[in-house]
Amino acid sequence: MTTDLTPLLAPEGVVVIGASRQTGKLGAAMARSLAPFPGARALVNARRPDPAEGVYASVAEAAAHTEGRLDLAVLCVPAAGCAQALAEAAAAGCRAALVCAGGFGEAGPEGEAYAEELRRVARETGVRLLGPNTSGFFAPHLGLTASFVPAAGQLPAGDIAVVAASGGVNHALSFDLVAAGNGISLGVGMGAGLDVTAADVLEHLVEDSRTTAVALHLETVPDGSRLVAAVRRLAVAKPVVALVVGRSDIGDFARSHTGALATSWRTTRAALRQAGAVVVDDERELVDALTTLSRIRLRPLSDPGLGIVTAQAGPGLLLADRAGIDGIRVPELTMTTRHALSELLPPLTYQRNPVDTGRPAETFARVLDTTAADPAVDLLAVYALTEPDSVDLASVAQEAGLGAGSPAVVVVGGLPEDVAEQRTRLHKAGVPALTGPAAAANAVWALVADARQRALRVEAVGVSPASAFGAADTATTFAVTAPSPVAPARERGQQGDAVAFSSASALAATNAGPAPSANARQRASSDAEGLPSEAIAAVPLGPLDEDAAKTFLAGLGIRTPDRVTCDNRAEAHHALRRLGGPVAVKVLDAAILHKTEIGGVHLGVRTAEELDVALDAIGTDRRYLVEAMAPAGVDLVLGVRRDPVFGPVVLAGLGGTAAEALADVAIRLAPLSVAEAATMPDELAARALLDGWRGGPVLDRAEFGRVAAALAAALAASPETAEIEINPLRLTADGLIALDAVIVPTEENDHA
């Protein structure tokens, strides 16, 4: 089957199967929408053909009487007749099809049978199929509106593409983008995605010269690795802004809509972000982000500085406040810049950043240029009202050189007609124009998020998890420039979609996917930034008890406590004398994952008498682990597991039940670079506990990154392992130390 979607999305000709003259029929609406298409067009109605009116009994007859090739068949027939109609269209030379009808996988066994028959015909004929259960797509540049929504034909051509799971969302987002002063290059509603998926369309857009930015809306993900690869490839050249549905419990509704099983909302968002997408919370943020990113893009920066120039103090404060919440740096301007501004502005105005100009005067353009030129400023946000007798904002922005060479977002306040005129002129000059401080803050956040993601990819080049542990001096010389902490309100998803991560069995309960294929180690090698497969430590085969698991971790360079395995009481007493008190005494059994719950863990044991009490509680005929107690600190949980959609993933969070209840966890796909892994703690709402809270220990992000990346590489290289978990991973004054570890084989996980 071809990967070329040109016959679908840019066809030479279109035929409507099931065309109708009855106003309320789908076939009539689609025929009307396609009437302006300048390419070849034909209509088919087997029951009521009228060749004199251009309505034929079959696709073959229509093709014979139509000048030009009919690439695309639009099927406006019930689900039961779609497979036959598709076969007829393919036989007549059609290479792509749009199926609008519902009644397939979402409608139960009968619908699933229709879907399978449709899929079979598409596979056998090589026809690329969009849908079913979609309102279609549109390409304004081509005058092509394959949608039964009449207003879609009036959307102006532009440079933003919309790829939406839902046909309705495709239209809604497109209308919102146009209302914000943008145009559309392509809008596609995926529907059920029986053949063509969002990943296919994203790959098509990589080479689409008309598109400069892409909106991605997802409800379900049929193939996680394919989607991630497509987003990663596209985001290198064009910004991708993603909106994922599923924060709350809408699983049944989503299944009835698409007939597919949704994966974790949180994991999907994390995967998209790691692939390079800017992930937003709602459609308003998406529109603001795309209005901006379709025109300007910051260079890759881990911590961009924002300069704010405002003609009114209050809106400027709103912008500055949101920047602080979003973890965006608003640097104080240099003395040189402030001196220059003092010669341009009244003496009582604030000039350190934000720059409060008062009512704009003839020096406003020079104020913008001077602030933007400050070495600490990478992006400028400007707020002003439309005051024709004071300043023409669009002209001033152009005079100051704002645009791609000097990235800036401009907020225009005023009456709608005045704002619209200024916005049009600013957009023509390549300057994003927004209509309020909140919209501008959304735009700034999107620009910074995009720059940070790209900076991480740059930093990751040449740094692999295993090599980070290789030489003795690597740990001290490797530096990670992490983004500024992202405040919890802006690390999307601190509420809802709770992720169980506090124990190995809880992780296993999330339904690990099938075991990877035999060449998984080689794929892990290539994914881990070119590291040869033999350099990545694979998990030993067979069930591993806590001691064996910790021995494996130590081999990865992860610190573990001194400990002694004991086969009997005498050996346990010898271990206590050797280690000295206090010690932890634990049952040692690979089959027991929750030792605490069965009384298998006793802490702070100092004397022989206390040891006997602990051993009695654990029971006879057991093996024991006697281990030196770690110093006090902050407990984290770090685990890697296999997600059924995206494959190996890394989860990190603060330890304890409160963190689990609040779903305070960061997620990444595995394998991942040390630099990428090092950013995970800064996404946690409780990250202040890792930064010396009340005199406590400070987390070395680089050390954490090495530990997380090593675990991720190990899982990716170990097809027989379902998950690896360190819980707790304690942060102490001396660094990280693994206090407990569980490694679950794939077979055990599959039959849990």
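About the criteria used
Residues numbered from 1 in each chain as written. Predicted model: local features only at pLDDT ≥ 70, side-chain atom pairs only at ≥ 80, totals over all residues. Heavy atoms only, no water. Helix = DSSP H or I, 4+ residues; strand = E, 2+ residues; numbered from the N terminus. Buried < 20%, exposed > 50% of the residue type's maximum accessible area, 1.4 Å probe, protein only. Contact = heavy atoms within 4.5 Å. Areas by Shrake-Rupley, 256 points an atom, 1.4 Å probe, with all protein chains shown as cover. 1 Å grid on protein atoms, 1.4 Å probe; cavity = no way out; pocket = protein on both sides within 12 Å on 5 of 7 lines; lining within 4 Å. Points joined across faces, edges and corners; volume = space filled by probe spheres on them. Nonpolar A, V, L, I, M, F, W, Y, C, P; charged D, E, K, R; others polar. Axes fitted to C-alpha atoms, helices over the stretch in contact; angles between N-to-C directions. Parallel < 35°, antiparallel > 145°, perpendicular 65-115°, else oblique. Left-handed = near helix turned anticlockwise from the far one by under 90°. Polar contact = N/O pair within 3.5 Å; in protein donor to acceptor, adjacent residues only side chain to side chain. Pairing = 2+ DSSP bridges. Right-handed = clockwise from strand over helix to strand, strands pointing away. Core = buried A, V, L, I, M, F, W, Y, C linked by side-chain atoms within 4.5 Å. Salt bridge = Lys/Arg side-chain N within 4 Å of Asp/Glu carboxyl O. Disulfide = S-S within 2.5 Å. pLDDT = per-residue confidence, 0-100. Arc of directions from axis to C-beta.

So, on to the overall build of the protein. Across its full length, the protein carries 28 helices and 28 strands. The buried share among the 752 residues of the protein stands at 57%. Across the protein, contacts joining residues at least 24 apart in sequence account for 73% of those joining residues at least 6 apart. Working note: accessible area of the protein is about 29,300 Å², and carbon and sulfur atoms make up 54% of it.

Left-over empty space is what a probe sized like a water molecule reveals as it rolls over the atoms. All told, the structure shown has 5 cavities of 30 Å³ or more when counted by the stated rule. Taken as a whole, the second largest cavity spans an internal volume of roughly 90 Å³. Around the second largest cavity, the lining is made up of 13 residues, and of these Glu546, Asp589, Ile592, Ala741 and Val742 lie nearest the centre. With 3 residues, strand β28 (residues 741–745) is the single largest residue contributor to the lining of the second largest cavity. Among the residues forming the lining of the second largest cavity, the class breakdown is 9 nonpolar, no polar and 4 charged.

Right, let's talk about the packing of helix α7 (residues 198–206) against helix α8 (residues 224–237) for a bit. Close contact between α7 and α8 brings their axes to 9 Å; oriented N to C, the two are set at 20 degrees. By the angle between their axes, α7 is roughly parallel relative to α8. Of the two elements, α7 crosses α8, and the hand of that crossing is left-handed. Residue-level inspection shows Ala199, Asp200, Leu202, Glu203, Leu205 and Val206 of α7 in contact with α8, the latter providing Arg226, Leu227, Ala230, Val231, Arg233 and Leu234. Among the residues forming the contact of α7 with α8, the class breakdown is 8 nonpolar, no polar and 4 charged.

Summarising the element assignment, Arg338 is placed in helix α13 (residues 335–342). Residue Arg338 is classed as buried on the basis of its relative accessible area, which comes to 14%. A polar contact is formed between the side chain of Arg338 and the side chain of Glu332, at a distance of 2.9 Å. Apart from residues lying up to four places away in sequence, Arg338 is in contact with Glu332, Leu333, Gln351 and Arg352.

In this section: the sheet that holds strand β1 (residues 13–17). Working definition: the strands of a sheet are paired by backbone hydrogen bonds and lie parallel or antiparallel to each other. Spatially, 6 strands are ordered β3-β2-β1-β4-β5-β6 in an open sheet, and the strand pairing comes out parallel. Both outer strands of the open sheet, β3 (55–56) and β6 (128–130), are each paired with one neighbouring strand and no more. Two strands pair when backbone bridges link them, and strand β2 (residues 40–44) and β3 are joined in this way by 2 bridges, in the parallel orientation. Counterpart to Val44 in the pairing with β3 is Tyr56.

Counted residue by residue, helix α10 (residues 265–275) has 11 buried out of 11 residues, so it is predominantly covered. Inspection of α10 places Trp265, Arg266, Thr267, Thr268, Arg269, Ala270, Ala271, Leu272, Arg273, Gln274 and Ala275 among the buried residues, and these make up the whole buried set. Two to three positions downstream of the cap, the backbone nitrogen of Arg266 sits 3.3 Å from a side-chain oxygen, assigning the N-cap of α10 to Ser264. A positive phi of about 115 degrees marks Gly276, the residue just after α10.

For the rest of this paragraph, the subject is the pairing of strand β4 (residues 72–75). Of the two faces of β4, the one lined by Leu72 and Val74 and the one lined by Ala73 and Leu75 are each fully buried. Taken together, the 4 bridges between β1 and β4 define a ladder with parallel strand orientation. If you follow Val14 over to β4, its bridge partner there is Leu72. As paired strands, β4 and strand β5 (residues 96–99) are joined by 4 bridges and run parallel to one another. Note on β5: the bridge partner recorded for Leu72 is Ala96. You can see the chain leave β4, run along helix α4 (residues 79–91) and come back into β5, and the turn it takes is right-handed.

Attention now moves to the nonpolar core. Residues Phe137, Leu216 and Leu272 are the most contacted members of the largest nonpolar core, which totals 58 residues. One finds Ala164, Leu290, Trp445 and Ala446 within the second-largest nonpolar core, a separate group that totals 46 residues.

What follows covers the pattern of salt bridges. Scanning the entire structure with this criterion turns up 42 salt bridges. Residues Arg21 and Asp50 are paired through a salt bridge, measuring 3.0 Å at the closest nitrogen-oxygen approach. Separated by 29 residues along the polypeptide, Arg21 in the loop between β1 and α2 (26–34) and Asp50 in the loop between β2 and β3 bring together distant segments of the chain. Residue Arg21 is classed as exposed on the basis of its relative accessible area of 59%.

Now for unusual backbone geometry. Between Ala670 and the following residue, Pro671, the backbone shows a cis peptide bond with an omega angle of -5 degrees. Along the chain, Pro671 falls in the loop between β25 (665–669) and α26 (674–678). Pro728 follows Asn727 through a cis peptide bond whose omega is 10 degrees. With respect to the helices, strands and loops of the structure, Pro728 is situated in strand β26 (residues 721–732). Backbone geometry at Asp621 places phi at a positive 55 degrees, although glycine is not the residue there. Structurally, Asp621 is set in the loop between α24 (608–618) and β22 (624–628). For Asp621, a relative accessible area of 80% puts it in the exposed group.

Attention now moves to the state of the cysteines. In total, this model carries 0 disulfides according to the counting rule given. Cys100 provides the cysteine sulfur closest to Cys82, a residue in no disulfide bond, and the two sulfurs are 8.9 Å apart. You can call Cys82 buried: its relative accessible area is 0%. With no disulfide of its own, Cys100 lies closest to Cys76 among cysteine sulfurs, the gap being 4.9 Å.

Here we take up the sheet that holds strand β13 (residues 278–280). Read from one edge to the other, the open sheet built from 7 strands follows the order β8-β7-β10-β9-β11-β12-β13, with strand pairing classed as mixed. Every interior strand has two partners, whereas the edge strands, β8 (144–147) and β13, have only one. Neighbouring strand axes in the sheet, compared pairwise and without regard to direction, differ in orientation by 20 degrees on average. With 5 bridges connecting them, strand β9 (residues 157–164) and strand β11 (residues 213–218) associate as parallel partners. By the bridge assignment, Val162 is partnered in β11 with Ala215. Set on the sheet, α10 makes contact with β11, β12 (240–244) and β13; between it and β12 the angle comes to about 175 degrees.

So, about the confidence of the model for the protein. Scored by pLDDT, the protein has a mean of 87; 86% of the residues are at 70 or more. Across residues 250–262, confidence stays below pLDDT 50; counting only partners more than four residues off in sequence or on other chains, it has 19 contacts. The low-confidence segment residues 462–535 (pLDDT under 50) makes 183 contacts with residues lying over four places distant or belonging to another chain.

A few words on α13. Three or more residues of α13 are buried, namely Thr337, Arg338 and Leu341. Projected down its long axis, α13 shows its buried positions confined to an angular sector of 95 degrees, all on one face. Away from its buried face by more than 90 degrees, α13 exposes Met335, Thr336 and His339.

Relative to the elements of secondary structure, Asp450 occurs in helix α17 (residues 437–460). Judged by its relative accessible area of 1%, Asp450 falls in the buried class. In contact with Asp450, not counting residues within four places along its chain, are Gly276, Val278, Leu293 and Arg297.

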